[in-house]
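What the coordinates show
Chain by chain, the residues:
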Amino acid sequence: MAGFREYKIGSKMFGIALGGSMTITLFFPSINIASVSSTDIALTKQLEMGHETGFNLDDPMLLGWNKPLGVTLKTDPKTGQALASDTVVFVYKKGTSFPAGILHPRILGEGIQQLSVEQGHVGDARKDVGAVFTLSKGTYQGKQYTYIENLTATKGWTPSDVMHVAKDEDVSNAGKGKTMFVREGCWWCHTLLPEETQDWQVFGAPPMLGDFNGESPTAFGSDRKAPDLLHVGSRNSSKEWMMMHFFNPRLVQPHSIMPRFDYLWGEKDASGNKIDFVKWRAEYDEYREGKRVTPPDVPSYASDSEIRGLIDFILSLK
Ligand code: HEC
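Keep in mind the model is a prediction, meaning the values are calculated, not measured. (Residues numbered from 1 in each chain as written. Predicted model: local features only at pLDDT ≥ 70, side-chain atom pairs only at ≥ 80, totals over all residues.)

Let us look at the overall build of the chain. Scanning the chain from terminus to terminus reveals twelve helices and five strands. The principal-axis extent of the C-alpha atoms belonging to the chain is close to 85 × 60 × 40 Å. Taking all 318 residues of the chain together, the buried fraction comes to 32%. Sequence-distant contacts, at least 24 apart, represent 71% of the contacts inside the chain between residues at least 6 apart. (Helix = DSSP H or I, 4+ residues; strand = E, 2+ residues; numbered from the N terminus. Buried ≥ 20, exposed ≤ 12 C-beta atoms within 10 Å, placed from the backbone. Contact = placed C-beta atoms within 7 Å.)

Below, the structure is given as structure tokens:
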């Protein structure tokens, strides 16, 4: 039975090799990742996107429910007086889940964690009443950090106070938009990950590990069928261009293979009129056949439409 003995030795060696490599793969990186501090990009992204932009129980059909709003505040929501400078705050209405960094401040990293808890009072944020957050600067053990401040605890600013003074054009639905990005499979063609090659001369700097702290899911993309979008808002900040391009990419890029996303406009335009997609298409066909000089106008979008969120998200990618 000499062969059987070798079989046993072989099995043990295989077990050790597999167990060892699984330990290295699963355990070592988790130690490493837990020790990475959040960059300012990661902190902004967490507050902007909220808890989860993939499948989750707050938004099982990925419709953009329960997502925070980014608001550029010009007036103090309590006193109504003009603020010295525009302040970006993130409004979590009642019922909106908080992002990982608020639920588990440990993932924020040394310094940011302590400041967010001790000075930022993130631990006092309550989902059943909602909260307003901002990014502030502070010093911990002699070093400067950006940390998360819960303005509802430190200044008494509630979500409804802020929404009361916010103008619609100063509100960003980027969290909802990232959900659309995930749901619509934009990552099937686009990446959000310029590589450390000549790539970055075209698409901008590659991200750092700490930029992804608390983000779920990341949307790196797999394949590069289309331009990288990590910094697309810096190349092109035109809302009008984005509207035309999403309604029908062929309006601005005649040979584009990108699909139309006109259905993200929903039923009604910004004035509440029903969008007549059939008529639009007929006019567009006339334009393509040379019977019209200009293509039909792209409808305006309602402020609660899915396309609004998507464009807010795309333009936030600076
Ligand atoms: C079938 C592949 C495909 C899919 C899916 C796709 N795109 Fe594109 N996209 C392209 C291609 C190709 C281009 C370049 C040509 C053009 O501008 O249309 C492009 C261009 C763009 C641009 C302009 C990029 C630049 O560098 O200026 C943006 C923004 C964009 N896409 C966003 C999106 C979003 C958001 C989605 C999901 C809702 C999406 N795309 C889905 C293929 C795709």
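Glancing now at the site of the ligand. Taken together, 23 residues are adjacent to the ligand, and Cys186, Cys189, Ala226, Ser256 and Met258 come closest. Breaking the shell around the ligand down by element, the ones donating at least two residues are helix H9 (232–235) and helix H12 (306–316). (Near = placed C-beta within 6 Å.)

Following the sequence through the fold, arginine 5 ends up in helix H1 (residues 2–34). Taking the C-alpha atoms as reference, arginine 5 lies 62 Å from phenylalanine 313; in sequence the two are 308 residues apart.

Our next topic: the UniProt feature "domain: Cytochrome c" (unreviewed entry) in the chain. Residues given the UniProt feature "domain: Cytochrome c" (unreviewed entry) here are residues 172–318. Overall, residues 172–318 shows 35% helix and 1% strand. The separation of its end C-alpha atoms is 14 Å. (UniProt positions renumbered as here; feature names shortened; annotations may be inferred.)

The next thing to look at is unusual backbone geometry. Residues serine 216 and proline 217 are joined by a peptide bond in cis, for which omega reads -15 degrees. Along the polypeptide, proline 217 turns up in the loop between helix H8 (199–203) and H9. Unlike most non-glycine residues, histidine 121 shows phi in positive territory, near 50 degrees. Looking at the secondary structure, you find histidine 121 in the loop between helix H4 (112–118) and strand E3 (131–140).

A rise of 1.5 Å per residue sets the reference length of helix H11 (residues 277–288), with its twelve residues, at 16 Å; its end C-alpha atoms lie 16 Å apart and thus fit the reference within 8%. After H11 finishes, the residue glycine 290 shows a positive phi value of roughly 80 degrees. (Expected span 1.5 Å × (residues − 1).)

Turning our eyes to something else, we now look at the domain arrangement of the chain. Split by domain assignment, the chain resolves into domain 1 (40–171) and domain 2 (179–316). Each partner contributes residues to the interface: domain 1 has 18 residues there, and domain 2 has 16 residues. Secondary structure elements with two or more residues in the side of domain 1 that touches domain 2: helix H2 (40–49) and helix H3 (100–103). The element contributing the most residues to the side of domain 1 that touches domain 2 is H2, with six residues. Across the side of domain 1 that touches domain 2, the residue classes break down as seven nonpolar, five polar and six charged. (Domains from an automatic or database assignment. Nonpolar A, V, L, I, M, F, W, Y, C, P; charged D, E, K, R; others polar.)

Here we take up the pairing of strand E4 (residues 143–150). Sheet topology note: the E3/E4 ladder contains eight bridges and is antiparallel. Residue pairing for E4: glycine 138 is matched across the bridge by tyrosine 145. Between E3 and E4, which pair antiparallel and follow one another directly, the connecting turn spans two residues, one of which, glutamine 141, has a positive phi of 45 degrees. (Pairing = 2+ DSSP bridges.)

The next subject is the packing of helix H10 (residues 239–247) against H12. At a closest axis distance of 11 Å, the pairing of H10 and H12 adopts a crossing angle of 125 degrees. Relative to H12, the element H10 is oriented oblique. The crossing of H10 and H12 is right-handed. On H12, the residues touching Lys239, Met242 and Phe246 of H10 are Ile307, Leu310, Ile311, Ile314 and Leu315. Here the contact of H10 with H12 is built from residues that sort into seven nonpolar, no polar and one charged. (Axes fitted to C-alpha atoms, helices over the stretch in contact; angles between N-to-C directions. Parallel < 35°, antiparallel > 145°, perpendicular 65-115°, else oblique. Left-handed = near helix turned anticlockwise from the far one by under 90°.)

Let's shift gears to the sheet that holds strand E5 (residues 171–172). In space, the five strands of this open sheet follow the order E4-E3-E2-E1-E5, with antiparallel pairing throughout. A single partner strand is all that each edge strand has here, and the edge strands are E4 and E5. Sitting on the sheet, H2 touches strand E1 (69–75), strand E2 (82–92), E3 and E4, and the angle it makes with E4 is about 0 degrees.

The biggest cluster of nonpolar side chains holds 29 residues, and the ones touching the most others in it are Val89, Val91, Val132, Phe133 and Val162. Listed by contribution, the elements that provide at least two residues to this core are H2, E1, E2, H3, H4, E3 and E4. The biggest single contributor to this core is E2, with four residues. Grouped together as the second largest cluster of nonpolar side chains are 20 residues, Leu192, Val232, Phe247 and Ile307 included. (Core = buried A, V, L, I, M, F, W, Y, C linked by C-beta atoms within 7 Å.)

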